[in-house]
Amino acid sequence: GAVRAGGPAATIPPDSTARLEAIYRERIEASQTRFTEADVRFMTRMIAHHAQALEMAGLAPNRSEDPDIEILAARLHAAQVDEIATMRRWLAERGQAVPGPGASHAHPEPMPGMVSPERMRELEAARGLSFDLLFLTQMIEHHQGAVQMVRELFATDGAAQDEAAF
């Protein structure tokens, strides 16, 4: 996009590093004002959603006997931790409330794909192949719920216009 007329970058010589830095800062500031309540709701809910996936993935090392399941759980853990950090930063940069630890238990609103406490206890009690089958089934359902949440966000007028939210 073009630089806003009259912004700080407009007064700096076109070929200077300072101008490029000013343009960068203006774009960052602009992106931090292009968000909706739907974006905030999505980020807040998805932090809680990811927190539950972390809980589930954390069960695998002591319950699964399949190295592929353990690798999948480790990859899920790494990806979800990074995404939670990104979503928390996104909320903080926009002056929004940032959910703390234990977000999956503290979130009052039901979300698609969340595993019920009863099903979580069933997963915790399972071992070996029984654990693997429950883990995969519940993780698939969990992530299908996340996809549903993304579709809801994209169906909301004006939402997901911010590059980071998208």
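Residues numbered from 1 in each chain as written. Predicted model: local features only at pLDDT ≥ 70, side-chain atom pairs only at ≥ 80, totals over all residues. Heavy atoms only, no water.

*Asks:* I tried to follow the overall build of the chain on my own but got confused; where do I start?
*Replies:* Within the chain one finds six helices and zero strands. The order of α-helices and β-strands along the chain, N terminus first, is α-α-α-α-α-α. Counting all 166 residues of the chain, 38% fall into the buried class. Considering only intrachain contacts with a sequence separation of at least 6, the fraction spanning at least 24 residues in the chain is 74%. For the chain, the exposed surface amounts to about 9800 Å²; the carbon and sulfur share of it is 57%. (Helix = DSSP H or I, 4+ residues; strand = E, 2+ residues; numbered from the N terminus. Buried < 20%, exposed > 50% of the residue type's maximum accessible area, 1.4 Å probe, protein only. Contact = heavy atoms within 4.5 Å. Areas by Shrake-Rupley, 256 points an atom, 1.4 Å probe, with all protein chains shown as cover.)

*Asks:* Explain helix H2 (residues 37-63) here, please?
*Replies:* Taking 1.5 Å of rise per residue, 27 residues should cover 39 Å, and H2 covers 40 Å from first to last C-alpha, within 8% of that figure. In terms of burial, H2 is largely enclosed, as 19 of its 27 residues are buried. For H2, the capping residue at the N-terminal end is Thr-36, with a side-chain oxygen 3.2 Å from the backbone nitrogen of Ala-38. (Expected span 1.5 Å × (residues − 1). Polar contact = N/O pair within 3.5 Å; in protein donor to acceptor, adjacent residues only side chain to side chain.)

*Asks:* Sorry, what's going on with the packing of aromatic side chains here?
*Replies:* We describe a pair of aromatic rings using the distance from one ring centre to the other and the angle between the two ring planes. Counted under the stated rule, the structure contains two aromatic pairs. Ring plane angle 75° and centroid distance 5.6 Å describe the contact between Phe-35 and Trp-90, whose orientation is recorded as edge-to-face. Here Phe-35, found in the loop between helix H1 (17-31) and H2, pairs with Trp-90, found in helix H3 (residues 67-93); they are 55 residues apart in sequence, far enough to count as distant. Ring geometry for Phe-131 against Phe-135: centres 5.5 Å apart, planes inclined by 20°, an arrangement best described as stacked. Remark: Phe-135 and Phe-131 occur in helix H6 (residues 128-154); sequence separation between them is four residues, near one turn of the helix. Across this residue pair, the class does not change: Phe-131 and Phe-135 are buried. (Phe/Tyr/Trp six-rings, centres within 6.5 Å; stacked < 30°, edge-to-face > 60°.)

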